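Per-entry structural report
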Amino acid sequence: MKQLPVLLVLTAVSVSAALTPVRLECEARVNPLGIDTARPRLGWTLKSDENGARQAAYQILVASSAAALKPGSADLWDSGRIASSRQGWVDYAGKPLRSFQRYYWTVQVWDAVGRASGWTPAAQWTTAMLQPSDMQGEWIAHPEHSLRSGPLPLFRREFQVVKPLRSAIALVSGAGFHELRVNGRKVGDHVLAPAWTNYKATMLYEAFDVTSELKAGGNAVGVMLGNGFYNVAGGRYVKYSGSFGHPRLWAQVHLEYADGSTQDIATDSSWKTAEGPIAFSCLYGGEDYDARREQPGWDAPGFDDSAWRQAGGVEAPGGVMRAQSSQPIRVQQTYPSIRVTEPRPGVFVYDLGQNFSGWPRVTASGPAGSTVKMIPGELLGKDGLVTQRSSGGPNSFSYTLKGQGREVWAPRFSYYGFRYVQVEGLKPESVEGQFVHLDAPRSGRFECSNDTFNRIHALVDAAVRSNLQHSLTDCPHREKLGWLEQTYLMGPSILANWDLRAFLPKMGRDMREAQLLDGLVPDIAPEFVTFATGFRDSPEWGSAAVLVPWLAWQWYGDKRILEDTYPMMQRYSDYLESQKQKGLLSYGLGDWYDIGPNQMGASQLTPQGVTASATYLEDLRVMRQVASLLGKPLDAQRYAARYDTLLAAFQKAFFQPAGPSYATGSQTSLAVPLAMGIAPAAARPKLVEKLVADIRAKGNHTSAGDIGYHYVLAALLQAGRSDVIFDMANEKTAPSYAAQLAAGATALTEAWDSNPRNSQNHFMLGHIEEWFYSGLAGLRVDPAAPGLSHLILAPEPVGDVTWAKASWDSPRGLIAVEWRLDGGKFRYTVDLPPGVSAEVRMPGGAPKTIVSGHHLLEEAFRPR
């Protein structure tokens, strides 16, 4: 499109309205239960009807009761009026907190002209264990359990509530998974809990408020245990076999009575245990349940447990006990069957219409002992039966009926990635699919007039959701491992859609705990299995240790994660420095899964030294900034010197001024120096031309892989060549997103060509998602303004797109943009929350700064 001179028309709505704080949060969660830090951080979102509204000051009150939460009587903390625009990550600075207590807080703010908002309705947080001495009881296990996949144990304990109850907080930690039950009912709706970790370093527990679940007199608590990553004993398909030990349990129910006295019901030898109805459970291989083995009432008071065994005390898993601070996994969506076939007599195949992570839920009736066996898979073979070639097998789920009418069952402790379910044995009344993933808040929305782009957006989103578990897994079936390169390369694409403020610190701890003594951060974290060569030590993977915390700072302004991970970042940078040969890093997997003449795997088209050394350059650039931010000037100088030395070696080894070109001239070789700002300014235009020419010569296809494709898109966007990205994304022939759609994919596939031998649910190549938001819609983070306080809005109308819109429900409030081509006009609508400004770069126009509020911007244009 050829742009005409720009005409900006700003419509600012200005009415008299106060600045209002809303959505109060503690540690990035609303009214959280299970805070185990003595200085939790508080934050709020702002709303206003005025353009240009901003916070000039705030005041926080914290009290031990809602009644005391007012000026002059707040008994724990009155911050006083603080002149500051800060509205997130404010450290609590009041009297010492106690374990198992609920705290109430409120905030008021003042705007730039001194108007006060008034106090917000009370928010709260509830503490868990703040001191190791608050932990009661011991770890227990079934006395005869061994390293096996089943049957899995049950645990129970009865107790009396002897006085009027004020509160009851239950803490539970099952290694590897648990399900807590009180008085015959499951507590909460969490699944696959607690979050998996390096159990020798950290063992997480969950906290539940069970006050309403208890009654005067007799009560019972019960727990079911699963194997999870703690005990991968196998028996069917496994990626690896390994165990931290057989399943074990720690639990503590803290009762506080109305008279102020307390009582703790904790795991010890008074608990009883028995084998339960889960006969087999492996995180990789599936789960079998025999309903005939159920013992009705086992988790309720009055049950006869005289035949049960006394639980035995066992060693703790070894890790530091911490409250789980990231969100739980929940069932997020249920898919009914859209088609049922019978490819073989008595064998039925249910099509759920979507590839996803989770499990089947079956409804069946029949005689006791009849079994419904379910074989999940992503694809069907030529015979119409489910094949697990792409996802790893054998995997199956089975339910044996108890013969008591209509029975409904879903697995508890094993999940898989699938679209189809093959049923053998008894034909059920129905088979559904339950999509399970981390319950992080969805923060982003994108839509445009190009339906192919909307479908690609859904394709990538399905793969991200499927792998957004307790770590960012590569696939929800074959491996389920946290390969690290995708965390930062796909980071902007993921953070544009999901609020991961509570999740990224967990990821940082996983990497810290995986780091070896020599400083190496392995390619996966938690490192449940040890691989060899580049599959354990590839700089493009381990550099997540530096680049993920930096993402958390840029997007969310979370300085604590930088402070916590800085020692790890230092040690890893030192490790990479020690691995240099002839001034460069030239090892690892390189541009994994690039498209060359051979079968996809390690890089074929781009030398390892290009991606490995350039990634280390990016590490050093970030390390210099982090060191400066944390007040470590000598460290900053050291990293700057290392950067200069490595950059000189990189240019000498790979830059070809006569071309100009880099290394082999592959798309990745060209794009990485362009996107990282390494390429000399004078050579950049011709390097871009060379990159575009290669893409055009390949029929608007990329040849880049897992590492390089991120930089191909970034280089094109920086050069103003969204027209090339548009053509690549619309290309119908493989390898492309549109070709995956044409092949019937409903989640992004591992290989560009949707090869049925590869996973059909991988998110590592989903970088187009970043362009949808930052390029097409124009919604971009400003690296110089961490925490989204200032944005860059640079929409790029391209191709046949006539409108696009995107939004972020950010910690600062709702940020939304929308543009439309209408009657020869380009109209851009922008909504910014209080305290957020932006530089607007209209197509073909000079940059203009706008402040918070609602704005309409317009310019004339004509198609190219």
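Shown above is the structure to which this text applies.
Residues numbered from 1 in each chain as written. Predicted model: local features only at pLDDT ≥ 70, side-chain atom pairs only at ≥ 80, totals over all residues. Heavy atoms only, no water.

Counting secondary structure elements, the protein chain contains 15 helices and 48 strands. Scaling as 2.2 N^0.38, a compact globule of 864 residues should have a C-alpha radius of gyration of about 29 Å, and the protein chain matches this with 28 Å. A principal-axis box enclosing the C-alpha atoms of the protein chain has dimensions of 85 × 75 × 60 Å. Each of the 864 residues in the protein chain was classed as buried or not, and the buried ones make up 61%. Restricting to contacts in the protein chain with at least 6 residues of sequence separation, those with at least 24 account for 74%. Carbon together with sulfur atoms contributes 50% to the accessible area of the protein chain, which is approximately 30400 Å² in total. (Helix = DSSP H or I, 4+ residues; strand = E, 2+ residues; numbered from the N terminus. Rg over C-alpha atoms; globule rule 2.2 N^0.38 Å. Buried < 20%, exposed > 50% of the residue type's maximum accessible area, 1.4 Å probe, protein only. Contact = heavy atoms within 4.5 Å. Areas by Shrake-Rupley, 256 points an atom, 1.4 Å probe, with all protein chains shown as cover.)

Within this model, the largest pocket holds a volume of roughly 1500 Å³. Looking at the lining of the largest pocket, the element that brings in the most residues is helix α12 (residues 708–718), giving six residues. Along the lines of polarity and charge, the residues of the lining of the largest pocket split into 29 nonpolar, twelve polar and nine charged. (1 Å grid on protein atoms, 1.4 Å probe; cavity = no way out; pocket = protein on both sides within 12 Å on 5 of 7 lines; lining within 4 Å. Points joined across faces, edges and corners; volume = space filled by probe spheres on them. Nonpolar A, V, L, I, M, F, W, Y, C, P; charged D, E, K, R; others polar.)

The subject of this paragraph is helix α6 (residues 544–556). An ideal rise of 1.5 Å per residue puts 18 Å on 13 residues; α6 measures up with 17 Å between its terminal C-alpha atoms. α6 sits mainly inside the fold: 13 of its 13 residues count as buried. Following α6 by one or two positions, Gly557 has its phi on the positive side, about 65°. (Expected span 1.5 Å × (residues − 1).)

Looking now at the sheet that holds strand β15 (residues 185–186). The six strands are arranged β15-β14-β17-β12-β22-β25 in an open sheet whose pairing can be described as antiparallel. The sheet terminates laterally at β15 and β25 (309–310), the two strands that pair on one side only. By the bridge criterion, two bridges tie strand β22 (residues 272–275) to β25 in an arrangement that is antiparallel. Following the sheet pairing, Lys272 is matched in β25 by Gln310. (Pairing = 2+ DSSP bridges.)

Looking at where Gly276 falls in the secondary structure, it is placed in the loop between β22 and β23 (278–282). What makes Gly276 buried here is its relative accessible area of 0%. Each C-alpha atom, one on Gly276 and one on Leu152, is 5.7 Å from the other, the two residues being 124 residues apart in sequence. If we skip the residues at most four places from it in the chain, Gly276 touches Pro151, Leu152, Pro153, Leu154 and Arg293.

Pairing is mixed in the open sheet, where four strands are placed in the order β41-β42-β46-β47. Among the strands making up the open sheet, the edge pair consists of β41 (779–781) and β47 (848–850). Within the sheet, the average angular offset between the axes of one strand and its neighbour, ignoring direction, is 30°. (Axes fitted to C-alpha atoms, helices over the stretch in contact; angles between N-to-C directions.)

A few words on the state of the cysteines. One pass over the full model with this rule turns up zero disulfides. Residue Cys282 stays outside any disulfide, its sulfur separated by 14 Å from that of Cys475, the closest cysteine. Judged by relative accessible area, Cys282 falls into the buried class, the value being 1%. Cys475 sits in the buried class, given a relative accessible area of 0%. (Disulfide = S-S within 2.5 Å.)

With that out of the way, let us pick up the side chain of Ser759. Inspection of the secondary structure assignment puts Ser759 in the loop between α14 (737–742) and α15 (768–776). Within polar-contact distance, the side chain of Ser759 engages the side chain of His762 at 2.9 Å. (Polar contact = N/O pair within 3.5 Å; in protein donor to acceptor, adjacent residues only side chain to side chain.)

Looking now at unusual backbone geometry. Note the cis peptide between Ala525 and Pro526, where omega equals -5°. Following the sequence through the fold, Pro526 ends up in the loop between α4 (504–514) and α5 (539–542). A cis amide bond links Ala734 to the next residue, Pro735, at an omega of 0°. Note that Pro735 resides in the loop between α13 (722–730) and α14.

Turning our attention to the packing of aromatic side chains. This structure, assessed with the given rule, holds 45 aromatic pairs. Pairing Tyr289 with Trp409 gives two aromatic rings, centres 6.0 Å apart and planes at 40°, and the pair type is tilted. Taken together, the residues span a long stretch of sequence, with Tyr289 in strand β24 (residues 286–290) and Trp409 in strand β35 (residues 407–409) at a distance of 120 residues. Note on Tyr289: relative accessible area 7%, which makes it buried. Under the relative-accessibility criterion, Trp409 is labelled buried at 5%. In textbook terms, an aromatic cluster arises when at least three aromatic residues are bridged by ring pairs, as seen for Phe177, Trp196, Tyr199, Phe229, Tyr230, Tyr237, Tyr240, Phe244, Tyr284, Phe413 and Phe528. Positioned above the aromatic ring of Phe280 is the side chain of Arg236, whose terminal nitrogen or guanidinium carbon lies 4.0 Å from the ring centre. A cation sits over an aromatic face here: Lys480 above Tyr415, 4.8 Å from the ring centre. (Phe/Tyr/Trp six-rings, centres within 6.5 Å; stacked < 30°, edge-to-face > 60°. Lys NZ or Arg CZ within 6 Å of the ring centre and 35° of its normal.)

Looking now at α12. Within α12, nine of the eleven residues are buried, which leaves the element mostly enclosed by the surrounding structure. When α12 is considered as a whole, its buried residues turn out to be Gly708, Tyr709, His710, Tyr711, Val712, Leu713, Ala715, Leu716 and Leu717. Immediately downstream of α12, the backbone of Gly720 shows phi near 75°, a positive value.

Let's shift gears to the pairing of strand β20 (residues 248–257). Most of β20 is tucked away: ten of the ten residues are buried. Here β20 shows a buried face lined by Arg248, Trp250, Gln252, His254 and Glu256 and a second buried face lined by Leu249, Ala251, Val253, Leu255 and Tyr257. Sheet topology places strand β13 (residues 165–175) next to β20; ten bridges connect them, and they run antiparallel. Residue pairing in the sheet places Ala170 in a bridge with Val253 of β20. Relative to strand β21 (residues 262–266), β20 is paired through five bridges, and the arrangement is antiparallel. Paired with Val253 across the bridge in β21 is Ile265. Turn length for the β20-β21 hairpin, with the two strands adjacent in sequence and antiparallel, is four residues, and the turn residue Gly260 shows positive phi of about 95°.

Remember that the coordinates give geometry; whether it matters functionally is a separate question.
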